[in-house]
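A look at the structure
Single-letter residue listing:
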Amino acid sequence: MALLTTPSPAPESNANTNFLRPNSSLFNSESDEELLSVKSKSRSPRSSTSENLQMLSLRDHYEINGDLGKGTYGKVVQAVCKETGTKIALKILPKSSTKLRDFQREFNISYYLSPHANIVDTYNVAFETRASYVFALEYAPLGDLFDSIPPQIGMSEQDTKTVIRQLASALEFMHSKKLVHRDIKPENILVMAPDFSRVKLMDFGMSRRDGAMVRKTNGSIPYTPPEVCEAVRNESIQVTTGADVWALGVLLFCMLTGNFPWENADIGDIYFKEFILWQRRKTTKVPSQWRRFTPRILKFFRKTLEIKPHRRSSVKELAKYANDPWLLQATEIGNVESDSGTEAEQVDHLSIMLRDHGIETRVDKRLRDRRISEWLLTL
Ligand code: AMP
């Protein structure tokens, strides 16, 4: 069974591998510090928009208190606005790998969707430094949902329901505006309250209009729908709200189990193949990792994780299942028709055997990223 580790796009899909360097700072280029025209110093970043970007020095206006997240796209830092004392998050996208158009799209979509209670607040603050494009977001001190999902255990059914309802509401709002998020995963959900009573969707860097044609540029992760998995790099694919519905189904599985249902929604993946055989009613035997769920939520999974995007249900479907039990009691699980000895279970047994012999088969995402970075530095 796939373990819940943070997936990242395949390294070859990085536009600029420099951003994988562990110690590369977007601020350490002298350019940001040098860039101080008297005019821009005296202006407040609060008045700028994505169409009218002011050239500013970050450090003149903000005290930077460290990274909140870092990736191939750039980084998010925690900052305090020197003028108002407000704690905020700044998303910093290097010009070397970000087109102005892409920056404007992300900022505009984030800002436009901000009024929804379950979408991160984006402030009307966007500016450029010599090296980067920057915009400001509300700061979430509790971080993202990834760290709240205990690996191989999952979250409680109650907490999962609390989170997933809010997320479905945010997606319903987006979809009603004919926008598709396209990157639903725990790392893109901010936790605003320890009891999960407020979570917020963020990161609209991949968001596009429903129906738009885009090129496949990133590798696949477990949340990627099959129609995107099967496309080759640079192939044109159509953006559909079904991509978010699929990812919501995968996310729900991850939250309730602490595992991914598969590595890739590709028929070459044994866990995916088993699911699809059951999903298409080729067998009545529920695949082993799905046997803990009630028939009701299995019905939801069947409709959400439908291979054909046009047959997939909408996010509104979740509301029909919100008040049903989702997880079986331990005593009920044995009664679900079992299919012992499947290929997937044999892999599970093999993993346990290897672990017993001191061979670790889990993938620690952070460790893997560091190793890739170190390897790139040696090239
Ligand atoms: P992003 O590239 O926007 O997905 O952000 C990368 C990571 O930075 C996220 O997974 C979060 O852990 C963290 N992060 C982003 N925005 C915020 C924020 N507004 N407040 C706190 N953490 C954030």
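Residues numbered from 1 in each chain as written. Predicted model: local features only at pLDDT ≥ 70, side-chain atom pairs only at ≥ 80, totals over all residues.

Listing the buried residues of helix α8 (residues 270–279) in full gives Tyr271, Phe272, Glu274 and Phe275. Projected onto a plane normal to the axis of α8, the buried residues spread over an arc of 160 degrees and lie on a single side. Note on α8: the residue one or two positions beyond its end, arginine 281, has a positive phi of about 60 degrees. (Buried ≥ 20, exposed ≤ 12 C-beta atoms within 10 Å, placed from the backbone. Helix = DSSP H or I, 4+ residues; strand = E, 2+ residues; numbered from the N terminus. Arc of directions from axis to C-beta.)

For the rest of this paragraph, the subject is the UniProt feature "binding site: ATP" (unreviewed entry) in the protein chain. The UniProt record marks Lys91 with the feature "binding site: ATP" (unreviewed entry), using the residue numbering of this structure. Along the polypeptide, lysine 91 turns up in strand β4 (residues 87–94). Beyond its immediate stretch of four places on either side in the chain, lysine 91 contacts Val76, Val134, Phe135 and Leu137. (UniProt positions renumbered as here; feature names shortened; annotations may be inferred. Contact = placed C-beta atoms within 7 Å.)

With mixed pairing, the 6 strands of this open sheet are ordered in space as β1-β5-β6-β4-β3-β2. Strands at the two margins of the open sheet, each flanked by one partner only, are β1 (54–55) and β2 (62–71). Docked against the sheet, helix α4 (residues 100–113) engages β4, β5 (122–128) and β6 (132–138), running at close to 165 degrees with respect to β5. (Pairing = 2+ DSSP bridges. Axes fitted to C-alpha atoms, helices over the stretch in contact; angles between N-to-C directions.)

Around the ligand lies a shell of 19 residues, among which Gly69, Ala89, Ala140, Glu187 and Asp203 are the nearest. Of all the secondary structure elements, the ones that give two or more residues to the shell around the ligand are β2, β4 and β6. Each residue belonging to the shell around the ligand can be placed in one class, and the counts come to 10 nonpolar, 4 polar and 5 charged. Residue-level mapping places the shell around the ligand at the junction of two domains, with at least three residues from each of domain 1 (36–137) and domain 2 (145–332). (Near = placed C-beta within 6 Å. Nonpolar A, V, L, I, M, F, W, Y, C, P; charged D, E, K, R; others polar. Domains from an automatic or database assignment.)

Attention now goes to unusual backbone geometry. Despite not being glycine, lysine 178 shows a phi value in the positive range, around 65 degrees. Here lysine 178 shows up in the loop between α5 (157–176) and β7 (179–180). With a phi angle near 60 degrees, aspartate 203 is a residue other than glycine that sits in the positive phi range. Positionally, aspartate 203 belongs in the loop between β9 (199–201) and β10 (208–209).

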